[in-house]
Amino acid sequence: MATPIYIIEEQKLRRNLKLIAEVAAKANIEVILAFKAFALWKTFPIFREYIHATTASSLSEARLAFEEFGAPAHTYSPAYTDDEFDEIVKCSSHLSFNSLSQYERFHQKAKSVSIGLRVNPEYSEVGTLLYNPCAPGTRFGVTADKLPAQLPSDIEGFHCHCHCESGADVFQRTLVHIEEKFSKWFPQLKWINFGGGHLMTRKDYDVDLLIQLMQDFHKRYPWLKVILEPGSAFAWQTGPLVSHVVDIVEDKGIKTAILDVSFTCHMPDCLEMPYFPDVRGAVHVNRKSVNRKSEYRLGGNSCLSGDFMSSWRFDHELQIGEEIIFEDMIHYTTVKTNTFNGISHPAIGMLHADGKLEILRQFGYEDYRDRMD
């Protein structure tokens, strides 16, 4: 295609879903999809072959779960509001409150769902502060010292999120802290949700350790249903973002290939996290300047000065019009893209097992204009 496009590869998506379903069965847990990482509803018929529920953090996500996935959501929000709460309840099966004050304010309106409370174990190994939900001063969850010895009778679960694309070994260490802080309340509960960030589809993830951890946990607390809600794990390594070189500029010996996509608009985590994406046919070069013929910064097409990343070495000099392919660009992209500068989203396509590319969605001026209504 001449336009930029995210391409989801069906076979790779099914590979991840199959692994996740097998882990859930062997560990006797429920693994559900977190929309904050992936919410392409046209793929939900595939997801429903492997999983049965999703997790939402807003009214729109809860509606997407209920109306498009076909099952009520496991919903958590840092702050529910009066004007949306009743509709959120209608679209949810489980609902977790972020604070005791939010619980007191809304729990009487949530009698039709299973109520949970988000707790903070004050331990997380997430290194990037922007993504660490347990950092000092966090706005997420209730610490153990603030919980009453006897929970309100309608609180049936704890929700605890401490990970970000983490391994099973991190979960193993975190679980020790969760149990030390909160296990005395477990007899009062029916379920516990260990949140997202369990990157079980990554090649080096110790799936057997995760299964063993959960089997052992069930032996200690056989009455507790266990829920995990990863996002990235479902869409991990399921497809690229295909872009094109539209110009090549040079200043002070630094060459920049300007693309028809934007880091700030289409790959924001690259700047926020930050991390360097894999570029097909190129090697990332950790240097401040570029002076070789085949080394380039890659620059976005917005007017933000910092909309670029350095630097990649190709095996040839780039030409205007050629493709630049960013690998593993399906999770946390389509849900976070924006129309800064009026720049359109890339198209979204699915590459089916038979090799046919189906265009799920293309974007244009109306998508930008309608956001300004």
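Here the structure is a predicted model, which means the values were calculated and not measured. (Residues numbered from 1 in each chain as written. Predicted model: local features only at pLDDT ≥ 70, side-chain atom pairs only at ≥ 80, totals over all residues. Heavy atoms only, no water.)

### Regarding the sheet that holds strand E10 (residues 225–228)
Then, in step 1: A sheet is described by the order of its strands in space; here nine strands give the open sequence E2-E10-E9-E8-E7-E6-E5-E4-E3, paired in parallel fashion. Because the sheet does not close on itself, it has two edges, and the strands there are strand E2 (30–31) and strand E3 (33–34).
Then, in step 2: Both strand E8 (residues 155–159) and strand E9 (residues 191–193) contribute to a ladder of three bridges, which runs parallel. Considered in E9, the bridge of Gly-157 is made with Trp-191.
Then, in step 3: Packed onto the sheet, helix H4 (residues 82–90) meets strand E5 (73–76) and strand E6 (92–97) and runs at close to 135 degrees relative to E6. (Pairing = 2+ DSSP bridges. Helix = DSSP H or I, 4+ residues; strand = E, 2+ residues; numbered from the N terminus. Contact = heavy atoms within 4.5 Å. Axes fitted to C-alpha atoms, helices over the stretch in contact; angles between N-to-C directions.)

### Description of empty space enclosed by the protein
Then, in step 1: Considering all chains together, one arrives at one cavity of 30 Å³ or more under this definition.
Then, in step 2: Of the volumes computed, that of the largest cavity is approximately 50 Å³.
Then, in step 3: Around the largest cavity, the lining residues are Thr-55, His-74, Thr-75, Tyr-76, His-94, Ser-96, His-159, Trp-191, Asn-193 and Glu-229.
Then, in step 4: Sorting the residues of the lining of the largest cavity by element identifies E5, E6 and E9 as the ones contributing at least two each.
Then, in step 5: When grouped by side-chain class, the residues that make up the lining of the largest cavity number two nonpolar, seven polar and one charged. (1 Å grid on protein atoms, 1.4 Å probe; cavity = no way out; pocket = protein on both sides within 12 Å on 5 of 7 lines; lining within 4 Å. Points joined across faces, edges and corners; volume = space filled by probe spheres on them. Nonpolar A, V, L, I, M, F, W, Y, C, P; charged D, E, K, R; others polar.)

### Concerning the packing of helix H1 (residues 10–27) against helix H7 (residues 207–220)
Then, in step 1: Remark: H1 packs on H7, axes separated minimally by 9 Å, with the N-to-C direction vectors making an angle of 30 degrees. Our classification of the angle between H1 and H7 gives roughly parallel. You can see that H1 and H7 cross each other, and the crossing is right-handed. Here Leu-19, Val-23, Lys-26 and Ala-27 of H1 lie close against H7, whose contacting residues are Val-207, Leu-210, Ile-211, Met-214, Gln-215 and His-218.
Then, in step 2: Of the residues assigned to the contact of H1 with H7, the class counts are seven nonpolar, two polar and one charged. (Parallel < 35°, antiparallel > 145°, perpendicular 65-115°, else oblique. Left-handed = near helix turned anticlockwise from the far one by under 90°.)

### Thoughts on the state of the cysteines
Then, in step 1: On inspection of all chains with the given rule, the structure shows zero disulfides.
Then, in step 2: Counting only cysteine sulfurs, Cys-162 is the nearest neighbor of Cys-160, a cysteine outside any disulfide, at a range of 3.5 Å.
Then, in step 3: Not engaged in a disulfide, the cysteine Cys-270 finds its nearest cysteine sulfur in Cys-265; these two sulfurs lie 13 Å apart.
Then, in step 4: Taking the relative accessible area as the measure of exposure, Cys-270 reaches 1% and is therefore buried. (Disulfide = S-S within 2.5 Å. Buried < 20%, exposed > 50% of the residue type's maximum accessible area, 1.4 Å probe, protein only.)

### A look at the layout of surface pockets
Then, in step 1: By volume, the largest pocket is sized at about 1200 Å³.
Then, in step 2: The leading source of residues in the lining of the largest pocket is helix H10 (residues 268–272), at three residues.
Then, in step 3: Looking at the lining of the largest pocket residue by residue, the classes come out as 23 nonpolar, 16 polar and eleven charged.
Then, in step 4: Reported here for the second largest pocket is a volume of approximately 550 Å³.
Then, in step 5: Taken together, 19 residues form the lining of the second largest pocket, with Ala-39, Leu-40, Trp-41, Thr-334 and Ile-348 sitting closest to its centre.
Then, in step 6: Going through the elements one at a time, helix H3 (59–69) and strand E18 (357–361) are the ones with two or more residues in the lining of the second largest pocket.

### Section: the pairing of strand E1 (residues 5–9)
As a general feature of sheets, a regular strand has side chains that alternate between the two faces.
Then, in step 1: Burial within E1 is extensive, with five of its five residues counted as buried.
Then, in step 2: Taking every second residue as pointing to the same face, both faces of E1 are buried, with Ile-5, Ile-7 and Glu-9 on one and Tyr-6 and Ile-8 on the other.
Then, in step 3: Pairing of E1 with strand E17 (residues 347–351) involves five bridges; the strand directions are parallel. Pairing of Tyr-6 across the sheet is with Ile-348, part of E17.
Then, in step 4: In this structure, E1 lies alongside strand E11 (residues 241–251), joined through two bridges in antiparallel fashion. Considered in E11, the bridge of Ile-5 is made with Val-242.

### Some details on unusual backbone geometry
Then, in step 1: A cis amide bond links Met-273 to the next residue, Pro-274, at an omega of -20 degrees.
Then, in step 2: One can find Pro-274 in the loop between H10 and strand E13 (282–284).
Then, in step 3: For the bond from Ser-310 to Ser-311, the omega torsion is -25 degrees, close enough to zero to count as cis.
Then, in step 4: For Ser-311, the location among the structural elements is in strand E15 (residues 308–314).
Then, in step 5: The phi angle at Tyr-332 is positive, at roughly 55 degrees, despite the residue not being glycine.
Then, in step 6: With respect to the secondary-structure elements, Tyr-332 resides in the loop between strand E16 (323–326) and E17.

### Topic: the pattern of salt bridges
Then, in step 1: If you walk through the whole model with that rule in mind, you get 20 salt bridges.
Then, in step 2: Across the pair Arg-14 and Glu-49 runs a salt bridge whose closest N-O atoms are separated by 2.9 Å. Within this pair, whereas Arg-14 is found in helix H1, its partner Glu-49 is found in the loop between helix H2 (44–47) and strand E4 (54–56), the two being separated by 35 residues in sequence.
Then, in step 3: Judged by its relative accessible area of 23%, Arg-14 falls in the partly exposed class.
Then, in step 4: Of the charged contacts, one joins Glu-87 and Arg-63 as a salt bridge, the two residues approaching to 4.0 Å between their closest N and O atoms. Here Arg-63 lies in helix H3 and Glu-87 lies in helix H4, a separation of 24 residues in the sequence.
Then, in step 5: Relative accessible area serves as the criterion here: at 36%, Arg-63 is assigned to the partly exposed category.
Then, in step 6: Here the salt bridges do not stand alone but share partners, grouping Glu-10, Arg-14 and Glu-49 into one network. (Salt bridge = Lys/Arg side-chain N within 4 Å of Asp/Glu carboxyl O.)

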